[in-house]
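Observations on chain architecture
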Amino acid sequence: MTTYYGIFQKAFVAVDCIIFGFEDRKLKLLLGKRQMDPGRGEWSLYGGFLRSDESVDEAADRVLMELTGLKHLYMKQVATFGAVDRDPGERVVSVAYCALINVKDYDRQLLEEHGVEWVELNQLPKLYSDHNEMVRKAITLLRKRINSEPLIFNLLPSLFTLTQLQHVYEAILGEEIDKRNFRKRIKQIDFIEKTELIDKLSSKRGAALYRFNKRMYLEDPIFKL
């Protein structure tokens, strides 16, 4: 390391991961209690400090991998938070990232190891520092992109019913959607494929199972619901 900028005040750079999941028709957030001062014991997002040998994107990938054990997750940078007094410990600038995972893909043992749990978004507690604002900005980002990117499929199993798909949309948007119009529009989207399989667990009569065809989406990524 050089000392070219030694005359300037230094600041820490951190990444904070806003990890959403979907279960029981609810959008959920992965939260834990802080294990360090300041703010020990307060509800918090999961994050970490930037290492000298990695970019901020690489740091976010590392933190997500440590927490979830999952690779190739949907992840988007939300915003940078750099208020002077945002962290009472030191001068810390944090880059917030949003990730979406299927709750059932998450190893429950990791929940215990990291001391985190799924909390319903509408029951969000007061979080450490400006983490509540990070979550609000992440939700706004999802709502803006839900009709232009196929991000909702990251919250669903590989095979899903149209009812499950609609419930995910409603959970993110925070409002009900007309069932008839929703299904009519979905059937016009080529990369949402109907399979020959039937779900007999969530429907007495049985509901057709669908899947997201990523190859077809990449060939024609125009997506507007």
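We now turn to the structure provided with this report. (Residues numbered from 1 in each chain as written. Predicted model: local features only at pLDDT ≥ 70, side-chain atom pairs only at ≥ 80, totals over all residues. Heavy atoms only, no water.)

**Some words on unusual backbone geometry**
Of the consecutive residues Asp 37 and Pro 38, the connecting peptide bond is found in the cis state with omega at -5 degrees. Along the chain, the position of Pro 38 falls in the loop between β2 (26–33) and β3 (43–44). Even without being a glycine, Asp 24 presents a positive backbone phi close to 55 degrees. By secondary structure assignment, the location of Asp 24 is in the loop between β1 (12–23) and β2. On the basis of relative accessibility, which here comes to 61%, the residue Asp 24 falls in the exposed class. (Helix = DSSP H or I, 4+ residues; strand = E, 2+ residues; numbered from the N terminus. Buried < 20%, exposed > 50% of the residue type's maximum accessible area, 1.4 Å probe, protein only.)

**A look at a nonpolar patch on the surface**
Together, Tyr 4, Tyr 5, Ile 7 and Phe 8 make up an exposed nonpolar region whose accessible area comes to about 620 Å². By the secondary structure assignment, Phe 8 is in the segment before β1. Taking relative accessible area as the criterion, Phe 8 reaches 52% and is therefore assigned exposed. (Patch = residues over 30% accessible without salt bridge, like charges linked within 9 Å, V, L, I, M, F, W, Y side chains within 5 Å. Areas by Shrake-Rupley, 256 points an atom, 1.4 Å probe, with all protein chains shown as cover. Salt bridge = Lys/Arg side-chain N within 4 Å of Asp/Glu carboxyl O.)

**Overview of the packing of helix α4 (residues 162–173) against helix α5 (residues 179–186)**
Between α4 and α5, the shortest axis-to-axis distance is 11 Å and the interhelical angle comes to 110 degrees. Taken as axis vectors, α4 and α5 run roughly perpendicular relative to one another. Contact with α4, carried on its side by Leu 162, Thr 163, Leu 165, Gln 166 and Tyr 169, involves Lys 179, Phe 182, Arg 183 and Ile 186 of α5 and no other residues of that element. (Axes fitted to C-alpha atoms, helices over the stretch in contact; angles between N-to-C directions. Parallel < 35°, antiparallel > 145°, perpendicular 65-115°, else oblique. Contact = heavy atoms within 4.5 Å.)

**As for the packing of aromatic side chains**
Tallied over the entire structure, the rule returns 8 aromatic pairs. Geometrically, the ring pair formed by Phe 153 and Phe 160 is tilted, given 5.7 Å between the ring centres and 35 degrees between the ring planes. The pair formed by Phe 153 and Phe 160 is uniform in burial state, with each residue classed as buried. Counting every residue linked through ring pairs, the aromatic cluster contains Phe 153, Phe 160, Phe 191, Phe 212 and Tyr 217. The ring of Trp 43 has Lys 33 sitting right over it, with the charged end atom 4.7 Å from the ring centre. Against the face of Tyr 128 rests Arg 34, its NZ or CZ located 3.9 Å from the ring centre. (Phe/Tyr/Trp six-rings, centres within 6.5 Å; stacked < 30°, edge-to-face > 60°. Lys NZ or Arg CZ within 6 Å of the ring centre and 35° of its normal.)

Interpretation note: all reported values are geometric properties and have no functional meaning in isolation.
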